[in-house]
Amino acid sequence: MSGTVLASAPTLYKRKAGTLTLTSSILTWTEPSTPTPSLGIPISRLNALFASKAGATPIRLKIDLVNPPESFNFTFTSPISALGDRESFKDHLATFVAQNRAATSAAVESSVAAAASSRSQTPVPAPGSPAPAATAAGPSTSRAGTPGARAPEDQAAIKARILTKDPALGELFQQLVVNHVITETEFWQGREHLLRLESLSSAQRPGRPSALVDPRPSSSQSGDVTITITPQLVHDIFEEYPIVQKIYVENVPKPLDETEFWVRYFHSHLFARHRASSRTDADLAKDDPIFDKYLEAADDGLEPRRAGEGVVDRLLDLGATEEDHTETGNQKDITMQAGRLRTTLPLMRRFNEHSQRLLESSLGEDERVGKRRRIEENEDELDPQGYISQIDIEDLHDPQAAPAVMLDVADRETFYVSGAASSGDGGGTAEERAYEGMDKAAVLERMRGVLRDWEADLGELVLAEEDVGKAMEDMTRSIKTRGPTSRSKDELPPTTMRQAVSCHTAACEFLRLFWSAALSSPPDRECAKRMVGFLAKTGEKVEGVALGAGTDAERVRTALRPVMDSVRKAMAYWKGMKKG
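About the thresholds
- Residues numbered from 1 in each chain as written.
- Predicted model: local features only at pLDDT ≥ 70, side-chain atom pairs only at ≥ 80, totals over all residues.
- Heavy atoms only, no water.
- Pairing = 2+ DSSP bridges.
- Helix = DSSP H or I, 4+ residues; strand = E, 2+ residues; numbered from the N terminus.
- Axes fitted to C-alpha atoms, helices over the stretch in contact; angles between N-to-C directions.
- Parallel < 35°, antiparallel > 145°, perpendicular 65-115°, else oblique.
- Contact = heavy atoms within 4.5 Å.
- Core = buried A, V, L, I, M, F, W, Y, C linked by side-chain atoms within 4.5 Å.
- Buried < 20%, exposed > 50% of the residue type's maximum accessible area, 1.4 Å probe, protein only.
- Phe/Tyr/Trp six-rings, centres within 6.5 Å; stacked < 30°, edge-to-face > 60°.
- Patch = residues over 30% accessible without salt bridge, like charges linked within 9 Å, V, L, I, M, F, W, Y side chains within 5 Å.
- Areas by Shrake-Rupley, 256 points an atom, 1.4 Å probe, with all protein chains shown as cover.
- Salt bridge = Lys/Arg side-chain N within 4 Å of Asp/Glu carboxyl O.

## Thoughts on the sheet that holds strand 3 (residues 26–30)
Reasoning step 1: Pairing is antiparallel across the open sheet formed by seven strands, whose spatial order is 4-3-2-1-7-6-5. Whereas interior strands pair on both sides, the edge strands pair on one side only; in this sheet they are strand 4 (39–42) and strand 5 (46–51). On average, each strand axis in the sheet is inclined to that of its neighbour by 30 degrees, with strand direction left out of account.
Reasoning step 2: In this structure, strand 1 (residues 5–13) lies alongside strand 2 (residues 16–23), joined through eight bridges in antiparallel fashion. Each residue of the ladder has a partner; that of tyrosine 13, found in strand 2, is lysine 16.

Next up, the structure:
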């Protein structure tokens, strides 16, 4: 075996027990009775990994290989660390898989580039002479500029999922990319947000279960009470109660074997205290010389035994004011005391610690560090704790007028003088001229008088009969247009509709790529020119769909008229670009 051992664990392969070992160059599986590995897999053949669902038993890992394609399934059997062993192998193997895929993608792209270079240097054969042999190469795919990229093949899988979820987008991809109308890079240009969202969605992992670890015994028909021990249950117990893991490490395999350890634990006072309830189970628990050494006094004091760690936001800290008003006494009132019933305090604090661990595992270390950094960055001399920025409410600010925008006028004096002269030349309506010579106070008083005597009497409102009839006709026509009967009559035949939608979708895609290239800085004239060539054929395609529609030809032309107008605008813009 070459290289440093990265991971090793007992596993089952084809229902046989053995040891799975991973080094930097090879993955081997060895039976206990044989000194040499029964299976050897080079790291360079790794292609994909598949793991069993979280919480499922047994814990399996499937490895897909290439050259030639084949698969291997391994079941991790350690009752203590099967899940951890699987995760360790999965992390190491995932790194190798990503490296292999990146190397494969680089080799493909280099071969495509070499083929393209050779095609550009191939001389055109003279008439009658045999043509040179063509070099087969797949389409080049560039993923360097895709946000959120992890590995090239990961991006390929993400794109495949997006096309599967959106059949319309998948049909457009088949029509344009697979048929070599545009490149894959051009197709995904402007759709990076879809790749980013799908990448984030696929990277999500199920979090820890919110329930406390509380193994429930089951009764058989004979009356025996049993608790089934699984690797997942052992992992959860060790994670929830580190003291149990400490006892296991110090006492297994000597003086206790694994079976005896769990039997004595489930009958001990320690397990009774770990139960997710307030009962003590004193009648069922037994004294145990090993487990009783690790018992601690119940955490039922006024203050918890383990104080909270990390950054505490004082605006959310209920104990932030515990030392206020020392001149009158700062004894906690009844609502702030830890608990009047001392037997419930240990369980309440266990719930609090469990909730805190869940929150920290969901946020991750980066989020906790970021929170601490944000609090430190908000500190300044006047606000050392950064509280002012958190309690500042914009709605409580005094209203302020928006800053004026100065007009860029060449000769301001002449401009304002001419404006004043034009306002006094008798322009405006008759009503406006009537108010010109009046005092502002008199105008205001006159308006008050008018409004004071005004009453809303809508009964005097009389509508013209002709206007009412026209409005009713418009509403009736609109309702008929939206009705199911009229809509079924106006629908195009399925074949014609499918052809029209395909023509419209392709034209919109060419327009999107054209404007992206034409309006970029600097403009991508080569791409814009290619798109203009495709757009120039849109009219022929529309006319072909219309002629195939028979009596519905005019309706097809009307439906596709907006996209044809957009095509004409794009063509006119391209002519201006060529002149410029």
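Read on, since the account is not over.
## Quick notes on the packing of helix 17 (residues 494–518) against helix 19 (residues 538–548)
Reasoning step 1: Taken N-terminus to C-terminus, the directions of helix 17 and helix 19 make an angle of 170 degrees; their axes are 10 Å apart at the nearest point. As far as their axial angle goes, helix 19 and helix 17 are roughly antiparallel. For the pair formed by helix 17 and helix 19, the contact residues are Thr496, Gln499, Ala500, Cys503 and Ala507 on the first element and Thr538, Lys541, Val542 and Val545 on the second.

## A closer look at the nonpolar core
Reasoning step 1: Residues Ile182, Phe187 and Phe514 are the most contacted members of the largest nonpolar core, which totals 41 residues.
Reasoning step 2: Among the elements of the structure, helix 2 (152–165), helix 3 (167–178), helix 4 (184–188), helix 17, helix 18 (525–535), helix 19, helix 20 (553–559) and helix 21 (561–579) are those that each provide at least two residues to this core.
Reasoning step 3: Here the element with the most residues in this core is helix 17; it accounts for ten residues.
Reasoning step 4: If near-sequence neighbours (up to four positions away) are discounted, phenylalanine 514 is found in contact with Ala528, Met531, Val532, Leu535, Ala570, Tyr573 and Trp574.

## Concerning the packing of aromatic side chains
Reasoning step 1: All told, the structure shown has 21 aromatic pairs when counted by the stated rule.
Reasoning step 2: Here the aromatic rings of tyrosine 248 and phenylalanine 261 are separated by 5.2 Å at their centres, their planes lie at 85 degrees, and the arrangement is edge-to-face. Of this pair, tyrosine 248 sits in helix 7 (residues 242–251) while phenylalanine 261 is found in helix 8 (residues 258–266), placing the two residues 13 residues apart along the sequence. Exposure class is identical for tyrosine 248 and phenylalanine 261. Each is buried.
Reasoning step 3: Here the aromatic rings of tyrosine 265 and phenylalanine 291 are separated by 5.9 Å at their centres, their planes lie at 45 degrees, and the arrangement is tilted. Here phenylalanine 291 lies in the loop between helix 9 (269–274) and helix 10 (345–377) and tyrosine 265 lies in helix 8, a separation of 26 residues in the sequence. Each member of the pair, tyrosine 265 as well as phenylalanine 291, is classed as buried.
Reasoning step 4: The structure contains a cluster of three or more aromatic residues connected by ring pairs, namely Phe238, Tyr248, Phe261, Trp262, Tyr265, Phe266, Phe271 and Phe291.

## Some thoughts on a nonpolar patch on the surface
Reasoning step 1: Where nonpolar side chains cluster on the molecular surface, the patch consists of Leu461, Leu463, Val468, Met472 and Met475 and spans about 520 Å² of accessible area.
Reasoning step 2: Within the secondary structure, leucine 461 sits in the loop between helix 14 (440–452) and helix 15 (465–482).
Reasoning step 3: Judged by its relative accessible area of 60%, leucine 461 is exposed.

## Here we look at the environment of glycine 18
Reasoning step 1: Within the element layout of this structure, glycine 18 appears in strand 2.
Reasoning step 2: Put simply, glycine 18 and serine 38 are 20 residues apart on the chain and 9.3 Å apart in space, counted from C-alpha to C-alpha.
Reasoning step 3: Apart from the residues within four sequence positions on either side, glycine 18 is in contact with Ala9, Pro10, Thr11, Trp29, Thr30, Glu31 and Pro32.

## What about the pairing of strand 6 (residues 59–65)?
Reasoning step 1: Counted residue by residue, strand 6 has five buried out of seven residues, so it is predominantly covered.
Reasoning step 2: In terms of strand pairing, strand 5 meets strand 6 through five bridges, oriented antiparallel. Bridge pairing links alanine 51 to leucine 61 in strand 6.
Reasoning step 3: Sheet topology note: the strand 6/strand 7 (residues 70–76) ladder contains seven bridges and is antiparallel. Its bridge partner being in strand 7, lysine 62 is matched across the sheet by asparagine 73.

## Re the environment of proline 231
Reasoning step 1: Within the secondary structure layout, proline 231 lies in helix 6 (residues 231–240).
Reasoning step 2: Judged by its relative accessible area of 18%, proline 231 falls in the buried class.
Reasoning step 3: Sequence separation of proline 231 and phenylalanine 76 is 155 residues, and the distance between their C-alpha atoms is 9.3 Å.
Reasoning step 4: Excluding anything up to four places from it in sequence, proline 231 contacts Ile59, Ser78, Pro79, Ile80 and Ala82.

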